Amino acid sequence: MRYFDIVFNRPIDAAFTYAEDAEGRAAVGKRAKVFFGNSTEIGFIVEKKDALPLDLPPEKVKSIVRVVDSAPIFDEKEIALAHWVADYYLCGFGEALAAMLPSGKKTKSTPSLSDADMDEVAPTLSDEQSSALSAIFADEEIKESASFSVRQASVKKPLVYLFGITGSGKTEVFLRAAEETIRQGKSVIYLVPEISLTIQTAEVIGRRFGGGASTLHSGMTQSVRLNEWMRARNGEVRVVVGPRSAVFAPVRNLGLVIIDEEHDGSYKNGSTPRYHARQVAMYRCASEGARLLMGSATPSVEAWYLMNGATASHIPLKKLILTQRLSGGDVPEIRMVRLEGTEGRLTRELKDEIRKTAAMGRQTILFLNRRGFAYFYHCPDCDFELRCRNCSVSLTYHKERNRVLCHYCGYSEIPPQVCPNCGSLDAGYVGFGAESVEEEVKRTFPDLRVRRVDADAMPDGKSLKETMDAFRRGEFDLLLGTQMVAKGLNFPGVRLVGVVLADTGLHLPDFRAAERTFSLIVQVAGRSGRFFPDGKVIVQTFRPFDPVIVKACTLDVEGFFEAELEQRTILNFPPFSRLIRFTVRSKDKERAASAIRRLASLVLPLLPPDADALGPAECPIALIASNYRYQLILRGKTMSTLHGATRSALAVYNHGKDVHCYMEVDVDPTSLL
């Protein structure tokens, strides 16, 4: 009789032993249906045993009911990766394996890359691009062990960062690096931030590599995604393109991982396990001897720090620079314009440039990182503010639906006609969102063809792709959107970019607020003038003297990072410290507060002298979906000390924990809201 250890997609740090199935099909790496508790559940087989432990009688061991897979879906290397994810991100082993397995969430068709024709002719590289490509494949080895989020692995090859202004040809360098890797008989994982960019990048790669390329993303049906997963496992594809989850693609003989737009926050997973694709990529490259190539015009603060003189205890990043715009473009002229005193949402300067651009037969992009028509309802007589009944946030007015909507839990209601508190007729909506800007644009420029791109207007990837393709073909004149239009998109006809309100993210109580604001402005400005030397950017703001906005408008990347790193040093935030964030939520406010206090009493005495804690305290957004939220943030010089204190505290906390409270553990959080 053979026995197998099985783990489940549950927050459990343990494996459970079962006897083999009657057919004898059980094997490590397959899924199996078993009795777990009072019901059946699908688990992952992670280890084979020829004998039971002495303290486990055979009659107590249940047998596997059914083996789900005909062939293993995980090999030893991937099981080891899941072990690392569970260990580093403090989640269940089964939860880590479940995150690695493809699972489609939507049922829409996605074009297969295998249908693409390999008809693209690669452009000639500039001298800068050629030098960068040569440097990527320079084979100097890193001899010392490294510690930047990569534990239990030694780095084989240097990490490379391609830092270049928007439009400088980073994508072509990435593609040439992929080609060279394939020539060496190895495989490539190419990560992009979002599905919209996945589709765009996949089309380019499909034309370049044909059926040897594949995509993996949540917009695919589960069956299609699993089929592509198995094609990668079987060695039928050499390039896999996708957002963060594609970092787990089971490609054969991994040689290169590319992370495009490395700075983007979507590389951090928002649910358990809360992994960051960059850290997982670093681990995979270290353990499999592959190269890691990252790139952005606006690197993350952590990446910039490592590229520019980080201490020797960190992994060094080799910085390669591209300074010239290709395709005939040039760095756009950027003008900052004050919004104060403006009637409506568009300043005179921005309106004039929109007219001038349209008269030239060129296109405009307007960017506003705020959905809806107006973002809160306020009464000047009694100071009443219309807030979500389930969350501690304002309700956003969506005129098209005639509803006020919570963007956190989805609650909505009919907008009030008078102040619900005092009955005043003077109450109304304050601020503006993309809907109201669209209305003003259409009213001001009735002859222009206008399209809005946000989560409300473009609910799925197909409609977004159709809109982007139509704009690229020149079928409409002005594209208005949220951050969907700010990243990586290449539109030859765009002359003008207008940032309708640059201040939206600066007031958030998060240490990354300045970094995100700077990156968004610089990235969206980069959509202008990519093919012509007359690009214009108008940045509207109520805070014209804010140093973040000033540096973004002057494209002073080095100046921004110098100032931001100085602030991070003073405040002792990453990259000068490491963080673990605990968030406890409950329908009962006092239960949540009591649970976070209990956790703090357990973990704080275990912290070393060079570590401290922020809180416990209410989260900045204290109520979401009728759950009260409290947080505790551990801060230390090294993750190993924080890990040790956390594991010891959680082992005690989980015994006798309040079942009415749910706790999230976020290692290396990217947001503290």
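Placed above this text is the structure.
In what follows, the accompanying structure is described. Values in this document were obtained by computation on a predicted structure and should not be read as measured data.

### Let's talk about the overall build of the chain
Across its full length, the chain carries 16 helices and 27 strands. A total of 673 residues make up the chain; the buried ones form 56% of that total. Expressed as a percentage of contacts within the chain between residues at least 6 apart in sequence, the contacts between residues at least 24 apart total 76%. Surface summary for the chain: the accessible area is close to 27900 Å², and the carbon and sulfur share equals 50%.

### Section: the sheet that holds strand β7 (residues 187-191)
In spatial order, the strands read β8-β9-β7-β10-β11-β6-β12; together these seven strands make up an open sheet with parallel pairing. Across the chains shown, the open sheet's two edge strands, defined by having one partner strand only, are β8 (213-215) and β12 (317-322). Going across the sheet, the axis of each strand differs from the next one's by a mean of 20°, ignoring polarity. Strand direction decides the pairing type here: strand β10 (residues 254-260) and strand β11 (residues 291-296), joined by five bridges, are parallel. If you follow Ile258 over to β11, its bridge partner there is Leu293. Those strands touched by helix α3 (residues 127-136) are β6 (159-164), β11 and β12, and its axis lies near 165° from that of β12.

### Examining the sheet that holds strand β26 (residues 627-636)
Backbone-to-backbone hydrogen bonds pair the strands of a sheet. The strands run either parallel or antiparallel. The sheet built from four strands is open, its strands ordered β25-β26-β24-β27 with antiparallel pairing. Either end of the sheet is taken by a strand with one partner, and the two such strands are β25 (612-624) and β27 (662-667). Within this sheet the neighbouring strands show an average axis-to-axis angle of 20°, counted without direction. Lying over the sheet, helix α16 (residues 639-653) contacts β24 (578-586), β26 and β27, oriented at roughly 25° with respect to β24.

### Observations concerning the packing of helix α15 (residues 589-603) against α16
At a minimum axis separation of 9 Å, α15 and α16 run at an interaxial angle of 130°. Judged by the angle between their axes, α15 and α16 are oblique. The two elements α15 and α16 cross, and the hand of that crossing is right-handed. The residues of α16 that touch α15, namely those facing Ala595, Arg598, Leu599, Leu602 and Val603, are Ala645, Thr646, Ala649, Leu650, Val652 and Tyr653. Split into classes, the residues belonging to the contact of α15 with α16 amount to nine nonpolar, one polar and one charged.

### Let's talk about the packing of aromatic side chains
Applying the stated rule across the entire model yields 20 aromatic pairs. Judged by centre distance (5.0 Å) and plane angle (75°), the ring pair of Phe471 and Phe491 falls under edge-to-face. On the criterion of sequence distance, the pair formed by Phe471 in helix α11 (residues 461-472) and Phe491 in the loop between β21 (478-481) and β22 (494-499) is long-range, its members being 20 residues apart. In terms of burial, Phe471 and Phe491 fall into one category: buried. Look at Phe511 and Phe573: their rings are 4.6 Å apart centre to centre, the planes differ by 5°, and that puts the pair in the stacked class. Of this pair, Phe511 sits in the loop between β22 and α12 (513-525) while Phe573 sits in the loop between α14 (557-571) and β24; the two residues are 62 residues apart in sequence, bridging distant segments of the chain. Using a relative accessible area of 12% as the deciding quantity, one classes Phe511 as buried. An aromatic cluster of at least three residues, connected via ring pairs, comprises Phe163, Trp304, Phe518, Phe560 and Phe561. Seen from the ring of Trp304, Lys319 lies directly overhead, with NZ or CZ sitting 5.1 Å from the centre. Residue placement shows Arg451 over the ring face of Phe476; its charged tip is 4.8 Å from the ring centre.

### A look at the side chain of Glu78
Note that Glu78 resides in helix α1 (residues 76-89). Beyond its immediate stretch of four places on either side in the chain, Glu78 contacts Ile73, Met100, Arg233 and Pro250.

### Some thoughts on the pairing of strand β14 (residues 363-367)
Along β14, five of the five residues are buried, which leaves the element largely enclosed by surrounding structure. Residues Gln363, Ile365 and Phe367 line one face of β14 and the alternating positions Thr364 and Leu366 line the opposite face, and both faces are buried.

### Some remarks on the pairing of β27
The two faces of a sheet get side chains in turn, since along a regular strand they alternate between them. Taking burial as the measure, the six residues of β27 include five buried ones, the bulk of the element. Across six bridges, the pairing between β24 and β27 is antiparallel. The residue bridging Phe582 from the neighbouring strand is Val665, located in β27.

### Concerning α3
For α3, the set of buried residues is Gln129, Ala132, Leu133, Ala135 and Ile136. For α3, the arc enclosing every buried residue in end-on projection is 165°, short of the 170-degree limit, so these residues lie on one face. Among the exposed residues of α3, those pointing more than 90 degrees away from its buried face are Asp127 and Ser134. The inward-facing, buried residues of α3 contact β6, α4 (170-183), β11 and β12.

### A short note on the packing of α1 against helix α7 (residues 277-288)
Where α1 contacts α7, the two axes come as close as 11 Å, and the packing angle between them is 135°. Looking at the two axes, α1 sits oblique to α7. As α1 runs across α7, the sense of the crossing is right-handed. Of the residues in α7, those touching α1 at Lys77, Ala80, Leu81, Trp84 and Tyr89 are Gln279, Val280, Tyr283, Arg284 and Glu288. Grouping the amino acids of the contact of α1 with α7 by side-chain chemistry returns six nonpolar, one polar and three charged.

### Here's the deal with the pattern of salt bridges
Scanning all chains against the criterion turns up 49 salt bridges. Close ionic contact of Asp5 with Lys49 constitutes a salt bridge, the shortest N to O distance being 3.2 Å. Separated by 44 residues along the polypeptide, Asp5 in strand β1 (residues 3-7) and Lys49 in strand β4 (residues 39-49) bring together distant segments of the chain. The shortest N-O distance in the salt bridge between Arg348 and Asp352 comes to 3.5 Å. Of this pair, Arg348 and Asp352 are both found in helix α9 (residues 348-359), four residues apart, which corresponds to roughly one turn of the helix. A single salt-bridge network, built from bridges that share partners, covers Glu333, Arg335, Glu353, Arg362, Arg495, Asp534 and Lys536.

Quick notes on the rules
Residues numbered from 1 in each chain as written. Predicted model: local features only at pLDDT ≥ 70, side-chain atom pairs only at ≥ 80, totals over all residues. Heavy atoms only, no water. Helix = DSSP H or I, 4+ residues; strand = E, 2+ residues; numbered from the N terminus. Buried < 20%, exposed > 50% of the residue type's maximum accessible area, 1.4 Å probe, protein only. Contact = heavy atoms within 4.5 Å. Areas by Shrake-Rupley, 256 points an atom, 1.4 Å probe, with all protein chains shown as cover. Pairing = 2+ DSSP bridges. Axes fitted to C-alpha atoms, helices over the stretch in contact; angles between N-to-C directions. Parallel < 35°, antiparallel > 145°, perpendicular 65-115°, else oblique. Left-handed = near helix turned anticlockwise from the far one by under 90°. Nonpolar A, V, L, I, M, F, W, Y, C, P; charged D, E, K, R; others polar. Phe/Tyr/Trp six-rings, centres within 6.5 Å; stacked < 30°, edge-to-face > 60°. Lys NZ or Arg CZ within 6 Å of the ring centre and 35° of its normal. Arc of directions from axis to C-beta. Salt bridge = Lys/Arg side-chain N within 4 Å of Asp/Glu carboxyl O.

Keep in mind these numbers describe shape, not what the thing actually does.
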